[in-house]
Amino acid sequence: MKTSTFNHWEKKIQQAIALSHDDPQGDRGLKEVAALISESVGNFSHKFVEMYGMSYIHFTKLRRLEAGAGYLRHSDYSVGMISELCGYTQSSFTKAFREFFDEAPISFRNRLYLINEKNTLARTKIASTPHDDPQHVIFTPDRTEDIKLQDYQLYYNILPRTGDPVKTMVDYLGIYQKQLYAIKTSLELPGAMIITGTLDIVPVTDYSRMLMYVGIMIPLQNEYDKAHNQVRSSFQEPFSLFTKRVPAGNYKKLPVPMSFAAAGLPMYEFINNSCRAGYFKMSGNHFFISLTGENESEIYIPWQKR
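Now for a description of the structure that goes with this document. (Residues numbered from 1 in each chain as written. Predicted model: local features only at pLDDT ≥ 70, side-chain atom pairs only at ≥ 80, totals over all residues. Heavy atoms only, no water.)

Within the structure shown, the criterion is met by 11 salt bridges. Its salt-bridge partner being Lys 252, residue Asp 146 comes within 2.8 Å of it at the nearest N-O pair. Placement of the pair is Asp 146 in strand S1 (residues 145–149) and Lys 252 in strand S6 (residues 249–256), with a sequence separation of 106 residues. The salt bridge involving Lys 167 is made with Asp 171; its shortest N-O contact spans 2.9 Å. One end of the pair is Lys 167 and the other is Asp 171, both in helix H9 (residues 165–186) and four residues apart, which spans about a single turn. (Salt bridge = Lys/Arg side-chain N within 4 Å of Asp/Glu carboxyl O. Helix = DSSP H or I, 4+ residues; strand = E, 2+ residues; numbered from the N terminus.)

If you want it as structure tokens, here you go:
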């Protein structure tokens, strides 16, 4: 495949993946997605399999079931509610879940470790420079602040897809981060946040398949309408930015005196241990890191406020 052809289809595939991740219940069908990326169904289907290793239909189904597995892992939602969040009836979710994970949702919820978990944690440790916090001085529930975030629109880049997503993030994040800071500065957006995270479900998704992103979150408020229009007209296409709505909700905010690379692994272990111990339960699958400085960041964890 020619480089120009590969680059064209890589962007199209990323666009399709972004559309899927902004469609948690799987309402968009194959024809609609192909139309949205301006490709024929046949060409799109063929190239997605060639470049991603599975059909788009299989990818979207797996993504929704992995989201369900994430809810089982870190929330206390009922199986019925999780099924609804993922666009299934409870019976169809249970059947599909058994087919993909070879066990029922309830037994999966009771697992101490998931199949991909140890590999994900081990490879993340190798690819990053995790902070060591054995006494839980920094990563502790006592240091979290309960806040409520408004609705945001996220404009983001999917980082290049490799077999080592965390290493790719370490290698490439700075390039995209500079572009996003340029947007924030030029448009004077004090309420915006530069964030990074994964589109997939940690630790459910296989490590080699995870897609990391970096983006700018801008509030969906009237006073930011001009900024949204400017991002869409001046930056979205040149910077290849995809979009995702981040709904309002309750978050645990944890400031940490370290970079994203140092915070990533202890952040996950803190979240997992806190959910297991019942300090809090997550309301969604996607925690993220706000990049506030060279050696400081803030962790945001969606949680179920009672």
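Next, the rest of the story.
Among the eight residues of strand S4 (residues 212–219), eight are classified as buried, and the element is accordingly described as predominantly covered. Side chains Met 212, Val 214, Ile 216 and Ile 218 of S4 all project onto a buried face; the interleaved residues Tyr 213, Gly 215, Met 217 and Pro 219 project onto the opposite face, where all are buried too. Note: strand S2 (residues 152–158) against S4, seven bridges, orientation antiparallel. When the sheet's bridge partners are listed, Tyr 155 is paired in S4 with Ile 216. Pairing between strand S3 (residues 193–198) and S4: six bridges, direction antiparallel. Within S4, the residue paired with Thr 196 across the bridge is Val 214. (Buried < 20%, exposed > 50% of the residue type's maximum accessible area, 1.4 Å probe, protein only. Pairing = 2+ DSSP bridges.)

With that settled, the discussion passes to the pairing of strand S5 (residues 242–246). Alternating residues of S5 divide into Phe 242, Lys 244 and Val 246, all buried, and Thr 243 and Arg 245, none buried. Relative to S5, S2 runs antiparallel, the two being bridged by five bridges. Following the sheet pairing, Tyr 152 is matched in S5 by Val 246.

Here the focus is the side chain of Gln 14. With respect to the secondary-structure elements, Gln 14 resides in helix H1 (residues 3–21). You can call Gln 14 buried: its relative accessible area is 17%. In this structure Gln 14 touches Ile 158, Leu 159 and Phe 242, once residues within four positions along its chain are discounted. (Contact = heavy atoms within 4.5 Å.)

So, about unusual backbone geometry. Of the consecutive residues Val 202 and Pro 203, the connecting peptide bond is found in the cis state with omega at 5°. Of note, Pro 203 is situated in the loop between S3 and S4. In this structure, His 136 is a non-glycine residue whose phi angle is positive, near 55°. As for its placement among the helices and strands, His 136 is situated in the loop between helix H8 (117–127) and S1. In this structure, Ser 240 is a non-glycine residue whose phi angle is positive, near 55°. Position of Ser 240 among the secondary structure elements: in the loop between helix H10 (225–235) and S5. Owing to a relative accessible area of 27%, Ser 240 belongs among the partly exposed residues under this scheme.

Okay, the nonpolar core next. Counting 49 residues, the largest nonpolar core has Phe 139 and Ile 216 as the members making the most contacts within it. For this core, the elements supplying multiple residues, two or more each, are H8, H9, S4, H10, S6, helix H11 (260–277), strand S7 (288–293) and strand S8 (296–302). The element that contributes the greatest number of residues to this core is H11, accounting for 10 residues. Contacts of Ile 216, omitting those with residues within four sequence positions, involve Gln 153, Leu 154, Tyr 155, Leu 180, Ile 183, Lys 184, Leu 189, Ala 192, Met 193 and Ile 194. Judged by nonpolar contacts, the second largest core, of 34 residues, contains Tyr 152, Ile 158, Tyr 213 and Phe 288. (Core = buried A, V, L, I, M, F, W, Y, C linked by side-chain atoms within 4.5 Å.)

With that settled, the discussion passes to helix H6 (residues 90–101). Counted at 1.5 Å a residue, the expected span for H6 with its 12 residues is 16 Å, and the 16 Å between its end C-alpha atoms agrees. Those residues of H6 that fall on the buried side of the exposure criterion are Phe 93, Ala 96, Phe 97 and Phe 101. Seen end-on, H6 carries its buried residues on one side only, within an arc spanning 110°. For H6, the exposed residues lying more than 90 degrees away from the buried face are Ser 91, Lys 95 and Glu 99. Once H6 finishes, Asp 102 follows within two positions and takes phi at roughly 60°, a positive value. (Expected span 1.5 Å × (residues − 1). Arc of directions from axis to C-beta.)

Across the sheet, eight strands lie side by side as S1-S6-S8-S7-S3-S4-S2-S5; this open sheet has antiparallel pairing. Looking at strand neighbours, the two that pair on one side only are S1 and S5, the edges of this open sheet. Taking the axes of each pair of neighbouring strands and ignoring which way they run, one obtains an average angle of 35° across the sheet. With respect to the sheet, H10 is in contact with S2 and S4, its orientation differing from that of S2 by roughly 25°. (Axes fitted to C-alpha atoms, helices over the stretch in contact; angles between N-to-C directions.)

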